[in-house]
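Topology and contacts: notes
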Amino acid sequence: RGIAADRGYLPFHLLRGYQHLGLAEEEARGGRDADARHAAALDDFSTALAIDPDSWEARFGRGVVRMNLGVGRIESGQSPDELYQAALEDLDAAAARAPEPAAVWKHSAGLRLNWATARGRKGEDVAALFEQAVASFARVAELRPEDEQPWIGCGLARANWAAMLLEREKPVPEELFVAAE
């Protein structure tokens, strides 16, 4: 009865959504099908947003779920574009509202890098996505200069971008070889 009474309570859906998300990620790491858990998390985060459209926690959670589902599509040979676009919209909206946006930007940067790499392998022009990934990682580094991950991510995005251009026998912009400040 308590759970039924809590269904309109924002924290209930956030907590349950994050619980489903954590279990889905654990299942995926173990090589098991996590679609049902991801679907449950997506439902909880969407319900939380219906209760409070300004909830950055719900937007962040839903963005991460959509990002994870997009990775699954890539692994099965399908296009992640629709899910990745929706994930970026959620993550960008969450970052604009979050009291500590660095964690949100880190996910957003990683998503942009993964998407650029996946689309680039299909021969698409992904310069804008790589630029966004570099800018997002740089933003995280600015917010958390002691965190080494955004510096590594920025370098990885630049290296992947340069390698893709070289494979296509295109000139590599000099700024890709300049160290991040």
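The structure we're discussing is the one just above.
So, a few notes on the structure that sits alongside this text. Position numbers for residues start from 1 in each chain and track the written sequence from start to end. For this predicted model, a pLDDT threshold of at least 70 governs which residues receive local features, and a threshold of 80 or more governs which side-chain atom pairs are given and counted, while totals over whole chains, interfaces and linings are taken from all residues. Think of the side-chain values as coming from all heavy atoms in the structure, minus any hydrogens and water.

1. Remarks on the packing of helix H7 (residues 127-143) against helix H8 (residues 148-167)
The axes of two packed helices give the description: the angle between them and the distance between them. Orientation is described by lines fitted to C-alpha atoms, with helices fitted over the stretch in contact, and by angles between N-to-C directions that extend from 0 to 180 degrees. The helix count covers DSSP runs of H or I at least four residues long, the strand count covers runs of E at least two residues long, and both are numbered beginning at the N terminus. Two elements in contact, H7 and H8, have axes separated by 8 Å at closest approach and are oriented at 165°. With respect to H8, the element H7 is oriented roughly antiparallel. In the packing of H7 onto H8, the handedness of the crossing is left-handed. Across the interface between the two elements, Ala127, Phe130, Glu131, Ala133, Val134, Phe137, Val140 and Ala141 of H7 pack against Pro150, Trp151, Gly153, Cys154, Ala157, Arg158, Asn160, Trp161 and Met164 of H8. Note on angle classes: values under 35 degrees are labelled roughly parallel, values over 145 roughly antiparallel, values of 65 to 115 roughly perpendicular, and the remainder oblique. Less than a right angle of anticlockwise turn of the near helix away from the far helix marks a crossing as left-handed, whereas a clockwise turn marks it as right-handed. By the convention used here, residues are in contact when the closest approach between their heavy atoms is within 4.5 Å.

2. Concerning the environment of Leu156
Note on placement: Leu156 falls in helix H8. It is 8.6 Å that separates the C-alpha atoms of Leu156 and Leu113, two residues lying 43 residues apart in sequence.

3. Topic: the layout of surface pockets
If you add up the space inside the largest pocket, you get close to 410 Å³. Lining the largest pocket are 16 residues; nearest its centre among them are Ala28, His38, Asn68, Gly72 and Glu75. Going through the elements one at a time, helix H2 (10-29), helix H3 (35-51) and helix H4 (56-75) are the ones with two or more residues in the lining of the largest pocket. Note on residue categories: nonpolar means Ala, Val, Leu, Ile, Met, Phe, Trp, Tyr, Cys or Pro, charged means Asp, Glu, Lys or Arg, and polar means any other residue, Gly included. Here the lining of the largest pocket is built from residues that sort into five nonpolar, four polar and seven charged. In this analysis the probe radius is 1.4 Å and the grid spacing 1 Å, with only protein atoms considered; a cavity is a set of points the probe fits into but cannot get out of, a pocket is an open set with protein on both sides within 12 Å along at least five of seven lines, and lining residues have an atom within 4 Å of a point. Grid points are joined across faces, edges and corners, and a volume is the space filled by probe spheres set on the points.

4. Looking at unusual backbone geometry
At Glu169, a residue that is not glycine, the phi angle is positive and equals roughly 55°. Topologically, Glu169 is positioned in the segment after H8. By relative accessible area, Glu169 is classed as exposed at 75%. Here the term buried applies to any residue with accessible area under 20% of the maximum for its type, exposed to any over 50%, and partly exposed to those in between, with areas from a 1.4 Å probe on protein chains only.

5. A short note on the pattern of salt bridges
Salt bridge criterion: a side-chain nitrogen from Lys or Arg within 4 Å of a carboxyl oxygen from Asp or Glu. Counted under the stated rule, the structure contains eleven salt bridges. In this structure, Arg16 engages Asp44 in a salt bridge whose closest nitrogen and oxygen atoms are separated by 2.7 Å. Taken as a pair, Arg16 in helix H2 and Asp44 in helix H3 lie far apart in primary sequence, 28 residues in all. Under the relative-accessibility criterion, Arg16 is labelled partly exposed at 24%. Note that Glu124 is salt-bridged to Lys122, the shortest N-O span being 3.6 Å.

6. Focus: the packing of H3 against H4
The geometry of H3 relative to H4 is characterised by a closest axis approach of 9 Å and an angle of 155° between their N-to-C directions. It follows that H3 is roughly antiparallel to H4 by the angle criterion. As H3 runs across H4, the sense of the crossing is left-handed. Across from Asp35, His38, Ala41, Leu42, Phe45, Ser46, Ala48 and Leu49 in H3, the residues of H4 making contact are Ala58, Arg59, Gly61, Arg62, Val65, Arg66, Asn68 and Leu69.

The values reported here are purely geometric and, on their own, carry no functional implication.
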